[in-house]
Amino acid sequence: MAQKIDLKLKIPPLLICVLVALLMWLCARWLDVHTSYGALWSLLVMLVMVVGLTISSLAVLTLYLGKTTLDPRFPHKTVRVITKGLYGYSRNPIYLGLLVILLGWNLCLDSLYATPGLPLYMGLVTWLQILPEERVLAERFGDAYRGYCSQVRRWL
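Heads up: these notes are all about the structure in this document.

Quick notes on the rules
- Residues numbered from 1 in each chain as written.
- Predicted model: local features only at pLDDT ≥ 70, side-chain atom pairs only at ≥ 80, totals over all residues.
- Heavy atoms only, no water.
- Helix = DSSP H or I, 4+ residues; strand = E, 2+ residues; numbered from the N terminus.
- Buried < 20%, exposed > 50% of the residue type's maximum accessible area, 1.4 Å probe, protein only.
- Polar contact = N/O pair within 3.5 Å; in protein donor to acceptor, adjacent residues only side chain to side chain.
- Salt bridge = Lys/Arg side-chain N within 4 Å of Asp/Glu carboxyl O.
- Disulfide = S-S within 2.5 Å.
- Axes fitted to C-alpha atoms, helices over the stretch in contact; angles between N-to-C directions.
- Parallel < 35°, antiparallel > 145°, perpendicular 65-115°, else oblique.
- Left-handed = near helix turned anticlockwise from the far one by under 90°.
- Contact = heavy atoms within 4.5 Å.
- Nonpolar A, V, L, I, M, F, W, Y, C, P; charged D, E, K, R; others polar.
- Phe/Tyr/Trp six-rings, centres within 6.5 Å; stacked < 30°, edge-to-face > 60°.

### What about the side chain of Thr126?
And step 1. Relative to the elements of secondary structure, Thr126 occurs in helix α4 (residues 117–151).
And step 2. Thr126 gets classed as buried once you look at its relative accessible area, which sits at 15%.
And step 3. A distance of 3.2 Å separates the side chain of Thr126 from the side chain of Trp155, its partner in a polar contact.

What follows is the structure in C-alpha cells.
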C-alpha cells in the first residue's frame, strides 16, 4: 500500500515563491507576445519589488528581535506570538512581502498569462504553510493566539 506524502510544512514559502515565479516566466515566455516597456514602467516594477522586499525584511527583523524562530518549517519552535509592527496588520507579512515581489515580477513579465501565478502562490502557501502553522500555534498558545487571529487578518 502506498504511503500518502504530506508536503505541509516541508516546502519553505520562499521556494514556493521561486517556483511560482519560474512558472510565471515560462507562461509569459511561451504563451504571450513579447512586449517591451519604457523607463516609467521599469521604475514601477522596481518600486513594487522594493516594497515587497521591505515588507518581508521588516517582518523577518521583527521575528529576529522577538527572539523566536525564523524557520517556517518548524512552527513548534515558536516561543512567542509576535503582534507588533507589521504583525499588527497581517499575520503573515513575510509571505505577503513575497506576494508583492511576485506582483512586481508579474508587472515585469507584462503578461496576463503569468497573472494566475499570484493566486496560485497564495493558495499553495496558505495550504502548505499557513494553515498547518496556524494549527500548531493555536495548540501552543491557545486563546492568546486565537484572539490575535480574530483581530488580524491572515494576509492583509
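### Digging into the pattern of salt bridges
Oppositely charged side chains can form a pair if their charged atoms are brought close together.
And step 1. The final tally for this structure, using the stated rule, is four salt bridges.
And step 2. Between Glu134 and Arg154 there is a salt bridge, with the nearest N and O atoms lying 2.8 Å from each other. Of the two residues, Glu134 sits in helix α4 while Arg154 sits in the segment after α4, which places them 20 residues apart along the sequence.
And step 3. By relative accessible area, Glu134 is classed as buried at 11%.

### Observations concerning the state of the cysteines
And step 1. Per the stated rule, a full pass over the model turns up zero disulfides.
And step 2. Free of any disulfide, Cys17 has its nearest neighbouring cysteine sulfur in Cys108, separated by 14 Å.
And step 3. We note that Cys27 lacks a disulfide partner, and the nearest cysteine sulfur, in Cys17, lies 15 Å from it.
And step 4. With a relative accessible area of 22%, Cys27 lands in the partly exposed category.

### Remarks on the packing of helix α1 (residues 13–31) against α4
Packed helices, taken two at a time, are described by the angle between their axes plus the distance between the axes.
And step 1. Remark: α1 packs on α4, axes separated minimally by 10 Å, with the N-to-C direction vectors making an angle of 155 degrees. In terms of their interaxial angle, α1 and α4 are classed as roughly antiparallel. When the axes of α1 and α4 are compared, the crossing they make is right-handed. Contacts from Pro13, Ile16, Cys17, Val20, Leu23 and Met24 in α1 reach Gly117, Leu118, Leu120, Tyr121, Leu124, Val125, Leu128 and Gln129 in α4.
And step 2. Its residues placed into classes, the contact of α1 with α4 shows twelve nonpolar, two polar and no charged.

### Thoughts on the packing of aromatic side chains
And step 1. In total, this model carries two aromatic pairs according to the counting rule given.
And step 2. Note on Tyr121 and Trp155: the rings are 6.2 Å apart at their centroids and 70 degrees apart in plane angle, and the pair reads as edge-to-face. Of this pair, Tyr121 sits in helix α4 while Trp155 sits in the segment after α4; the two residues are 34 residues apart in sequence, bridging distant segments of the chain.
And step 3. Classification of Trp155 by relative accessible area gives buried; the value is 12%.
And step 4. Between the aromatic rings of Tyr145 and Tyr148, the centroid separation amounts to 6.2 Å while the plane-to-plane angle is 50 degrees, which identifies the pairing as tilted. Taken as a pair, Tyr145 and Tyr148 lie in helix α4 at a separation of three residues, close to a single helical turn.
And step 5. With relative accessibility at 5%, the residue Tyr145 sits in the buried group.

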